[in-house]
Amino acid sequence: MSETPLLKVSGVSKFYGSRIGCQDVSFDLWPGEVLAIVGESGSGKTTLLNCLSTRLMPSAGSVEYRMRDGNFRDLYHMSEAERRFLMRTDWGFVHQNPADGLRMTVSAGANVGERLMAVGDRHYGKIRETATDWLGRVEISADRIDDQPRAFSGGMRQRLQIARNLVTGPRLVFMDEPTGGLDVSVQARLLDLVRGLVNDLGLSAIVVTHDLAVARLLSHRMMVMKDGHVIEQGLTDRVLDDPREPYTQLLVSSILQV
Amino acid sequence: MATPLVVSEVSKSFIMHLRDGIKLPVVNDVSSSVAGGECVVLGGPSGIGKSSILKMLYGNYAVDAGQILVNHREKIVDIAAADPRTIIEVRRHTMGYVSQFLRTVPRVAAVDVVAEPLVARGIDAAEAKDKAVELLARLNLPRELWSLPPATFSGGEQQRVNIARGFITSHRILLLDEPTASLDATNRRVVIEMIAAKKAEGVAMLGIFHDEEVREAVADRILDVSAFSPRKAVAA
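Turning our eyes to something else, we now look at helix α6 (residues 154-166) of chain A. Residue and element names in this part refer to chain A. Spanning 13 residues, α6 covers 19 Å between terminal C-alpha atoms, matching the ideal 18 Å at 1.5 Å per step. Extensive coverage of α6 is indicated by the burial of 11 of its 13 residues. By the burial criterion, the buried members of α6 are G155, M156, Q158, R159, L160, Q161, I162, A163, R164, N165 and L166.

On to empty space enclosed by the protein, then. A complete count under the given rule lists two cavities of 30 Å³ or more for this structure. Around the largest cavity sit B:V7, B:V30, B:S32, B:S33, B:V34, B:L42, B:I53, B:L57, B:L206 and B:L223, which together line it. The set of elements that each furnish at least two residues to the lining of the largest cavity consists of β2 (22-34) and α1 (50-57) of chain B. For the lining of the largest cavity, the element with the most residues is β2(B), which contributes four residues. Of the volumes computed, that of the second largest cavity is approximately 50 Å³. Contributing to the lining of the second largest cavity are A:V94, A:I162, A:L166, A:V173, A:M175, A:V194, A:L197, A:V198 and A:L203.

A few words on unusual backbone geometry. One non-glycine residue with positive phi stands out, namely A:D24, at about 55°. Mapped onto the elements, A:D24 comes out in strand β2 (residues 19-29). Exposure remark for A:D24: the relative accessible area of 55% places this residue in the exposed category. Of note in the backbone geometry, B:N140 takes a positive phi value of approximately 60° without being a glycine. Checked against the element boundaries, B:N140 lands in the loop between α4 (125-138) and α5 (155-167).

Glancing now at the sheet that holds strand β5 (residues 75-78) of chain B. Residues and elements named next belong to chain B. Strand order in this open sheet of four strands is β2-β1-β4-β5, and the pairing throughout is antiparallel. At either end of the open sheet lies a strand with only one pairing partner, and these are β2 and β5. Averaged over all neighbouring strand pairs, the angle between strand axes comes to 30°, with direction disregarded. Bridge analysis of strand β4 (residues 65-72) against β5 gives four bridges, and the strand direction is antiparallel. Bridged to V70 within β5 is V77. Set on the sheet, helix α2 (residues 84-93) makes contact with β4 and β5; between it and β4 the angle comes to about 50°.

Among the secondary structure elements, A:V9 is positioned in strand β1 (residues 7-16). With residues near it in sequence (within four places) discarded, A:V9 still touches A:V25, A:S26, A:F27, A:D28, A:L52, A:S62 and A:V63.

Let us look at the layout of surface pockets. Residues and elements named next belong to chain A. Taken as a whole, the second largest pocket holds about 520 Å³ of empty space. In this structure, the second largest pocket is lined by 19 residues; those nearest its centre are R55, R84, M87, R88 and R115. Mapped by element, the contributors of at least two residues to the lining of the second largest pocket are α2 (80-89), β6 (91-94), α3 (98-101), α4 (108-118) and α6. Considering only residue class, the lining of the second largest pocket consists of four nonpolar, six polar and nine charged.

Residue and element names in this part refer to chain B. Strand order in this open sheet of five strands is β6-β7-β8-β3-β9, and the pairing throughout is parallel. Looking at strand neighbours, the two that pair on one side only are β6 (95-98) and β9 (221-224), the edges of this open sheet. Looking at each pair of strands side by side, their axes are set apart by 20° on average, direction ignored. Inspection of the sheet shows strand β7 (residues 173-177) paired to strand β8 (residues 204-208) by five bridges, in the parallel sense. Counted as the bridge partner of L176 is G207 from β8. Running over the sheet, α5 touches β6 and β7 and is turned about 175° from β6.

So, about the pattern of salt bridges. Considering all chains together, one arrives at 30 salt bridges over all chains under this definition. Residue A:D242 is joined to B:K12 by a salt bridge in which the shortest nitrogen-to-oxygen separation is 2.5 Å. Note that A:D242 is positioned in the loop between α9 (236-241) and α10 (246-253) and B:K12 in strand β1 (residues 5-16), a pairing that runs across two chains. Of the two residues, A:D242 and B:K12, both sit in the buried class. Taking the shortest distance from any N to any O, the salt bridge between B:E89 and B:R73 comes out at 3.7 Å. On the criterion of sequence distance, the pair formed by B:E89 in helix α2 and B:R73 in the loop between β4 and β5 is long-range, its members being 16 residues apart. Judged by relative accessible area, which is 10%, B:E89 ranks as buried. Residue classification places B:R73 among the exposed residues on the basis of a relative accessible area of 51%. Salt bridges linked by common partners bring A:D242, A:R244, B:K12 and B:D64 together as one network.

Attention shifts here to the packing of helix α3 (residues 110-120) of chain B against α4(B). Residues and elements named next belong to chain B. With their axes 8 Å apart at the nearest point, α3 and α4 run at an angle of 130° to one another. Judged by the inter-axis angle, α3 sits oblique to α4. For the pair α3 and α4, the sense of crossing is right-handed. Residues V111, D112, V114, A115, L118 and V119 of α3 lie in contact with α4, whose contacting residues are A125, A128, K129, K131, A132, V133 and L136. Grouping the constituent residues of the contact of α3 with α4 by class yields 10 nonpolar, no polar and three charged.

The partner chain B presents 25 residues to the 27 residues of chain A that form the contact. A combined buried area of about 2200 Å² lies between chain A and chain B, and 53% of that area is made up of carbon and sulfur atoms. Counting across the chain A and chain B interface gives 12 residue pairs in polar contact (both at pLDDT 80 or more). Going through the elements one at a time, α7 (184-201), α8 (212-218), β10 (229-235), α9 and α10 of chain A are the ones with two or more residues in the side of chain A that touches chain B. With five residues, the single largest contributor to the side of chain A that touches chain B is α7(A).

Take the pairing of β10(A) next. Residue and element names in this part refer to chain A. Direction of pairing for strand β9 (residues 221-226) relative to β10: antiparallel, over a ladder of six bridges. Looking across to β10, one finds that M223 is bridged to Q233. Between β9 and β10, which follow one another and run antiparallel, lie two residues, and D227 among them has a positive phi close to 50°.

Reading the values: the criteria
- For every chain, the first residue of its written sequence is number 1, and the numbers climb from 1 along that sequence.
- By the order in which they are written, chains take letters starting at A while ligands take numbers starting at 1.
- In keeping with the model being predicted, local features are shown solely for residues with a pLDDT of at least 70 and side-chain atom pairs are shown and tallied solely at 80 or more, while totals for entire chains, interfaces and linings include all residues.
- Excluding hydrogens and water, the side-chain values take into account all heavy atoms of the structure.
- Numbering of helices and strands runs from the N terminus; a helix is a DSSP stretch of H or I covering at least four residues, while a strand is a stretch of E covering at least two.
- Expected helix span is given by 1.5 Å per residue-to-residue step, counting one fewer step than there are residues.
- Exposure is judged per residue with a 1.4 Å probe applied to protein chains only, and the accessible area is read against the type maximum: over 50% gives exposed, under 20% gives buried, and values in between give partly exposed.
- We place a 1 Å grid over just the protein atoms. Points where a 1.4 Å probe fits but has no way out form a cavity, open points with protein on both sides within 12 Å along at least 5 of 7 lines form a pocket, and any residue with an atom within 4 Å of a point lines it.
- Grid points are joined across faces, edges and corners, and a volume is the space filled by probe spheres set on the points.
- Criterion used throughout: strands pair if DSSP finds at least two bridges between them.
- Lines are fitted to the C-alpha atoms to define the axes, a helix being fitted only along its stretch in contact, and any angle between axes, read from their N-to-C directions, falls within 0 to 180 degrees.
- Two residues qualify as a contact provided that any one of their heavy atoms is within 4.5 Å of a heavy atom in the partner residue.
- Side-chain classes are defined by residue name, with Ala, Val, Leu, Ile, Met, Phe, Trp, Tyr, Cys and Pro counting as nonpolar, Asp, Glu, Lys and Arg as charged, and the others, Gly among them, as polar.
- Each reported salt bridge corresponds to a side-chain nitrogen of Lys or Arg within 4 Å of a carboxyl oxygen of Asp or Glu.
- Here is the rule for angles: anything less than 35 degrees is roughly parallel, anything more than 145 is roughly antiparallel, 65 through 115 is roughly perpendicular, and the remaining ranges are oblique.
- Take the far helix as the reference: if the near one is turned anticlockwise from it by less than a right angle, the crossing is left-handed, and if turned clockwise, right-handed.
- When two components associate, each loses some accessible surface as probed by a 1.4 Å sphere; the sum of these losses over both components is called the buried area.
- Counted as a polar contact is a pair of N or O atoms within 3.5 Å, where, for protein atoms, one must be capable of donating a hydrogen and the other of accepting one, and residues adjacent in sequence contribute only when both atoms are in side chains.

What follows is the structure, given as structure tokens:
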């Protein structure tokens with residue numbers, strides 16, 4: 001069991017004027033750990049995710065990330081260039097809408113290859129080979145490599161976005177409602193895929209979702225948010241099977257049984 | 001060697017916030033221990049809190065008070081107070097759990113469901129699969145089901161997948177929640193043999209068995225859970 005966290009979050013708050021986005025959130029994320037952030041729309045989960053991934057600057061608090069050299073760096077005190085580099089190489093960000101994370105007018109292969117070029121790969125043949133391999137891992141057939149994502153279905157686009165994010169071997173992946181707009185059979189396939197990749201690669205991930213079944217399937221640990229605050233957290237199956245807070249009990253009891 | 005599992009003065013209640021905050025007491029002052037190679041069976045009528053006790057030991061339910069001490073890699077871990085990461089680590093290496101129902105994951109084949117706990121411990125995938133196949137065969141699960149996801153299996157078939165998954169590791173502690181409930185006589189006897197083998201290996205087991213034949217065969221000791229029932233204490 002590794003004794004150093006990958007991410008140390010302390011007191012992160014974000015205010016929009018006098019409104020609370022999220023307030024005073026602190027936790028450690030460990031290597032190989034998947035954390036789910038759940039809560040209803042407007043509870044602050046996406047604001048928190050954006051603050052953690054530095055897409056948004058918080059009003060207060062700090063996030064320290066353990067770099068590959070083992071040293072912790074405060075994300076909010078890095079230069080813009082350093083943060084971008086981290087985003088393109090060591091991190092992934094999977095958006096709910098694949099169009100936000102893909103370049104829709106370049107080929108599927110180029111979408112994956114672009115991330116490789118960001119880490120210094122220049123050999124065209126090798127980039128194409130790796131891209132083909134990754135398309136296979138997300139179950140997109142090799143003969144679609146030259147097609148643009150515009151020509152892909154929603155589920156395929158989402159899988160392509162995942163391949164694009166994972167190709168550089170990131171250590172930390174942020175996901176914002178990764179199965180949000182997909183129908184259930186496509187969702188099941190994607191979840192199974194993400195679950196397998198996370199296990200095989202030993203990734204750490206922070207997944208925002210309003211779907212408790214997704215949280216149960218993917219995450220080790222869960223944080224429940226309401227009105228910008230983390231109201232309950234713990235082992236995923238503990239929170240779901242023995243919810244303590246009134247709001248968590250309401251959430252869990254509202255799940256529809258099939 | 002330290003006792004694998006010690007439970008000390010554990011109490012648990014549910015507070016139902018959606019029902020005006022009524023408090024449902026579950027158990028009071030549960031204290032017991034299970035030695036290596038011993039199989040302790042929880043006794044008492046339905047609804048007395050037997051499954052809840054197993055869930056607390058596994059970290060699935062939080063407890064209000066008390067300690068649950070597990071000997072994890074020669075260190076004592078208190079499950080009642082441990083952080084999620086530690087509980088996951090204990091589940092991976094020290095404490096297994098066979099539930100009544102299998103929680104299936106879409107698209108994952110039965111054989112991979114069974115092999116998964118070994119793979120999670122870093123054992124080679126092919127080796128884990130061999131062992132999974134061996135167990136499924138022993139539990140008489142038809143060969144043509146091995147590569148299918150268990151979601152569409154019958155209750156008894158799912159339960160056998162679940163048992164194989166629980167027994168595949170060499171965990172020092174096993175919690176068994178009615179593992180034989182929907183099995184036929186032949187498979188019940190297979191499970192009895194498997195439990196006996198675990199005992200011989202020195203595994204500490206705590207289980208619930210409503211089936212008398214199984215209980216007679218495996219129990220070294222019966223722990224009467226009604227002694228911890230708060231309802232009884234009020235009545236007395």
